[in-house]
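Observations on the three-dimensional arrangement
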Amino acid sequence: MSSKMIVLMSSDGQSFEVEEAVAIQSQTIAHMVEDDCVADGIPLANVESKILVKVIEYCKKYHVDEANPISEEDLNKWDEKFMDLEQSTIFELILAANYLNIKSLFDLTCQTVADMIKGKTPEEIRSTFNIENDFTPEEEEAVRKENQWAFE
Amino acid sequence: MVRDIVDDPLDEDDIALVKTYGLVPYSAPIKKVEKEIKELTEKINDLCGIKESDTGLAPLSKQMMQEGQPLQVGYVSCFRYIPIDLLMDIFSRVPAKSIARFRCVSKLWESILCRPDFKELFMTMSSIRPPLLLFTFQDDDGNLFFFSSPHPQIPCNENTSLVPTRYHVQHTTDSFSEIGSPLCGFICRRGKRNLDTMVICNPVTGESVSLPKVELKSINTETRPYLGYDPVRKQLKVLCIKSDDIPNTCDEHQVLTLENGNHLWRTIQCKPHYPKSDGICIDGILYYTAGFDMRARVSMVVCFDVRSEKFSFINIHVFMLMNDSCTLINYKGKLGALQFTCLSPKRLRFWVLVNAEKNIWTKCIYALPPLWNNLVQHTELAIVGMTDGGEVVLSQYCLIYAFYIYYFNLESKSLTRVQIQDVEMFKRTRVYTSLGYVENFKLMTDYDRGFNTFSPQGRLF
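Per an unreviewed UniProt entry, chain B is named F-box and associated interaction domains-containing protein, and its organism is Arabidopsis thaliana.

In the annotation of UniProt, the entry for chain A reads SKP1-like protein 12, and the organism field reads Arabidopsis thaliana. The record in UniProt for chain A states the following under Sequence similarities: "Belongs to the SKP1 family."

Listed below in structure tokens is the structure:
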């Protein structure tokens, strides 16, 4: 059984051949396919090859049909392993999922970051993500006081 | 001739001469060239638009700067690569307590987390997530304490306990307020002594808005406020039902739309009736049980269409034996009702209104589960409602030593007891437990007058 293949080109010049059915999980790519402008391959100026590889891996896994049946529970477990990545890679994936308009990947990546940050104190957030505290001591005191209930 | 240096101060020539001591032959030209290089570099940087503090930033941050975001000096952070609207999407997925803490991380985070469109998005996401349990305690000084918690994962083991989130404390002047069920994250309470005073409060923001006083015809007029939500116009309204102790006399009630600006009560007509239960809002219709007067039986379910502000009634036949402690619930989108039987052995009645036009109800009676005697014993329990998973949630009315809630699965007949921690200081205090609490950061000033007041901004997808 032959399936239509399309070529995706990363920003750093690498080409990836992907089944059309898998690739159109990205709404951006799906629109291009509809508009029939994929003959020479699709250049993805905003996505590096390192990230595109992960996106394609995700889309292949999520292309669920009779040939590739998989339960939701197994998918969730796979998601956890898939998202075991460096901080910067996760953020790049968020941007790629947004640019390529892949809702489920976008939700997964955003939720992963949300789970990373929830429950943390401001100090922990600043040190984990290298964010500078640009409040003056007085300003910080005032904001804390307004939100006192969250610190008790 | 040697000058007498001690007596005469050095003049400028002398100073210039002294300054040349210790310098190498080309010092002056070198310094001049260094100065020129520095000036030229600054000129080049100005032309490129790069400032000193830019060192180390990635291109996307430059874009954010041009969009008017405050500049963060120094560190490179993954978060800085993400545009604001995507950041908001991430933040909308964390609980309110974390959001309140994150406002203290940096000025940029504070500004994002206080934006009206963020609050809107947060509200939308809050409403999509499973709703929370809300516990309200009042101490002897009239202060209100709000706690929320997600439901435990049922089935769970015996010793499961929940650690609730505690919100702002509300200070009231009237003790023993009548506290209604939450809707859209707001709670309406009425003073027990001042029946004409209604206050809308929000545990997350700590905001407390007093509504204008309700008109009382006589000193015996009773009032009962309800919150209702119109999903079409996205408006939250307060309905105030009045009743006199002389039955059948009070047919004028009041309704108010919650929004920014002046709150004004509008008068609406409805046949006299005496509200008995808490209200529940399903798809834009507010339901509550009522009778002809305080002592009469439950003879109707009142249906108030929040958008059209029109009343209709579902007749409750005497044989249904619906009483004052009947709890109305949302059963898979339909109106349901739960109540304990009066006579022994104690059992649970469950009604569902399957056909509203023809007033057809299904009725079931459930025996209490075997574990009831062990876990509950003689404690009086309030029926709080039903979860989406079909568990009946029961709660103590009053905290004695420890605070427990119970989950009764009607199908499997299982009973799970869950302890709520960190509330032991409220011994011998009345507790109001509700389902359907949604965290909401919006202040009353965030609601503009007119349409689209409670509407969520479009999400990215």
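1. Some thoughts on the nonpolar core
In terms of nonpolar packing, the biggest core is built from 77 residues, with A:Val55, A:Ile117, B:Phe79, B:Phe91, B:Phe102 and B:Trp109 touching the most fellow members. Each of domain 1 (2–114) and domain 2 (127–448) of chain B accounts for three or more of the residues forming this core. The next biggest cluster of nonpolar side chains, apart from the first, holds 21 residues, and it includes B:Cys184, B:Phe186, B:Leu236 and B:Val438.

2. Some remarks on the sheet that holds strand S1 (residues 132–138) of chain B
Residues and elements named next belong to chain B. One open sheet holds the 4 strands; their spatial order is S4-S2-S1-S26, and the pairing between them is antiparallel. Strand pairing shows two members of the sheet lacking a second neighbour, strand S4 (165–171) and strand S26 (431–437), which therefore form its edges. On average, adjacent strands in this sheet sit at an angle of 20° to one another, irrespective of strand direction. With 5 bridges joining them, S1 and S26 adopt antiparallel strand pairing. Across the sheet, Leu132 pairs through a bridge with Tyr437, a residue of S26.

3. Let's talk about the packing of aromatic side chains
Residue and element names in this part refer to chain B. A complete count under the given rule lists 23 aromatic pairs over all chains for this structure. Pairing Tyr167 with Tyr437 gives two aromatic rings, centres 5.9 Å apart and planes at 65°, and the pair type is edge-to-face. Taken together, the positions of Tyr167 in strand S4 and Tyr437 in strand S26 put the pair 270 residues apart, joining distant regions of the chain. The exposure class assigned to Tyr437 is buried, which follows from its relative accessible area of 0%. Aromatic rings pair up to connect Phe135, Phe137, Phe145, Phe147, Phe403 and Phe426 into one cluster. It is Arg129 that lies over the ring of Phe122; its NZ or CZ is 5.8 Å from the centre. Lying over the aromatic face of Tyr404, Arg417 brings its terminal NZ or CZ to 4.0 Å of the ring centre.

4. Let's talk about the layout of surface pockets
Size it by volume and the second largest pocket reaches roughly 730 Å³. Lining the second largest pocket we find 30 residues, and of these A:Lys118, B:Arg93, B:Val94, B:Pro95 and B:Arg129 sit closest to its centre. Those elements giving two or more residues to the lining of the second largest pocket turn out to be helix H6 (103–117) of chain A together with helix H5 (96–102), helix H7 (116–128) and strand S2 (143–149) of chain B. Looking at which element gives the most residues to the lining of the second largest pocket, the answer is H6(A), with 4 residues. When the residues that make up the lining of the second largest pocket are grouped by side-chain class, the tally is 12 nonpolar, 8 polar and 10 charged.

5. Side note on the packing of helix H4 (residues 84–91) of chain B against H7(B)
Residue and element names in this part refer to chain B. At a closest axis distance of 9 Å, the pairing of H4 and H7 adopts a crossing angle of 40°. Overall, the two elements H4 and H7 adopt an arrangement that is oblique. H4 and H7 meet at a crossing whose hand is right-handed. Across from Met88, Asp89 and Phe91 in H4, the residues of H7 making contact are Asp117, Phe118, Leu121 and Phe122.

6. Examining the pairing of S2(B)
All names here are of chain B. Burial analysis of S2 places 7 of its 7 residues in the buried class, which makes it a mostly covered element. Taking every second residue as pointing to the same face, both faces of S2 are buried, with Asn143, Phe145, Phe147 and Ser149 on one and Leu144, Phe146 and Ser148 on the other. Bridging between S1 and S2 involves 6 bridges; their strand directions are antiparallel. What sits directly across from Thr136, in S2, is Phe146. The antiparallel hairpin formed by S1 and S2 contains 4 residues in its connecting segment, where Gly142 sits at a positive phi of about 90°.

7. Examining the interface of chain A and chain B
Facing the 40 residues of chain A at the interface are 40 residues of chain B. For the chain A and chain B pair, buried surface summed over both sides reaches about 3600 Å², with 67% attributable to carbon and sulfur atoms. Ranking the residues of chain A by area buried against chain B places A:Ile131, A:Glu132 and A:Trp149 at the top, with a combined share of 20%. On the surface where chain A and chain B come into contact, there are 2 salt bridges. Where B:Arg93 meets A:Asp107, a salt bridge forms, and the shortest distance between an N and an O atom there is 2.8 Å. Taken together, chain A and chain B are joined by 9 residue pairs in polar contact (both at pLDDT 80 or more). Of all elements in the fold, only helix H5 (87–100), H6, helix H7 (122–129) and helix H8 (137–146) of chain A reach the threshold of two or more residues within the side of chain A that touches chain B. Considering every element that reaches the side of chain A that touches chain B, the biggest residue donor is H6(A), with 8 residues. Residue composition of the side of chain A that touches chain B, by class: 18 nonpolar, 10 polar and 12 charged.

8. Topic: the domain arrangement of chain B
Residue and element names in this part refer to chain B. You can read the domains of chain B as domain 1 (2–114) and domain 2 (127–448). Across the domain 1/domain 2 interface, buried area totals approximately 480 Å², and carbon plus sulfur atoms make up 60% of it. In terms of surface lost to domain 2, no three residues of domain 1 exceed Ala96, Lys97 and Arg103, which account for 65% of the buried area on that side. Across the contact surface, domain 1 and domain 2 share 0 salt bridges. At the junction of domain 1 and domain 2, the tally comes to 2 residue pairs in polar contact (both at pLDDT 80 or more). Here the side of domain 1 that touches domain 2 is built from residues that sort into 5 nonpolar, 1 polar and 3 charged.

9. Here's the deal with the side chain of A:Ser26
Residues and elements named next belong to chain A. Mapping Ser26 onto the fold places it in the loop between helix H1 (20–23) and helix H2 (27–34). Note on Ser26: relative accessible area 1%, which makes it buried. Within the local environment of Ser26, its side chain forms a polar contact with the backbone nitrogen of Ile29, the two atoms lying 3.1 Å apart. Side-chain polar atoms of Ser26 contact the backbone oxygen of Leu100, separated by 2.6 Å. Aside from chain neighbours lying at most four places away, what touches Ser26 is Leu100, Asn101 and Ile102.

Basis of the calculations
- Residues numbered from 1 in each chain as written.
- Chains lettered and ligands numbered in written order.
- Predicted model: local features only at pLDDT ≥ 70, side-chain atom pairs only at ≥ 80, totals over all residues.
- Heavy atoms only, no water.
- UniProt positions renumbered as here; feature names shortened; annotations may be inferred.
- Core = buried A, V, L, I, M, F, W, Y, C linked by side-chain atoms within 4.5 Å.
- Buried < 20%, exposed > 50% of the residue type's maximum accessible area, 1.4 Å probe, protein only.
- Domains from an automatic or database assignment.
- Pairing = 2+ DSSP bridges.
- Helix = DSSP H or I, 4+ residues; strand = E, 2+ residues; numbered from the N terminus.
- Axes fitted to C-alpha atoms, helices over the stretch in contact; angles between N-to-C directions.
- Phe/Tyr/Trp six-rings, centres within 6.5 Å; stacked < 30°, edge-to-face > 60°.
- Lys NZ or Arg CZ within 6 Å of the ring centre and 35° of its normal.
- 1 Å grid on protein atoms, 1.4 Å probe; cavity = no way out; pocket = protein on both sides within 12 Å on 5 of 7 lines; lining within 4 Å.
- Points joined across faces, edges and corners; volume = space filled by probe spheres on them.
- Nonpolar A, V, L, I, M, F, W, Y, C, P; charged D, E, K, R; others polar.
- Parallel < 35°, antiparallel > 145°, perpendicular 65-115°, else oblique.
- Left-handed = near helix turned anticlockwise from the far one by under 90°.
- Contact = heavy atoms within 4.5 Å.
- Buried area = accessible area lost by both parts, 1.4 Å probe.
- Salt bridge = Lys/Arg side-chain N within 4 Å of Asp/Glu carboxyl O.
- Polar contact = N/O pair within 3.5 Å; in protein donor to acceptor, adjacent residues only side chain to side chain.

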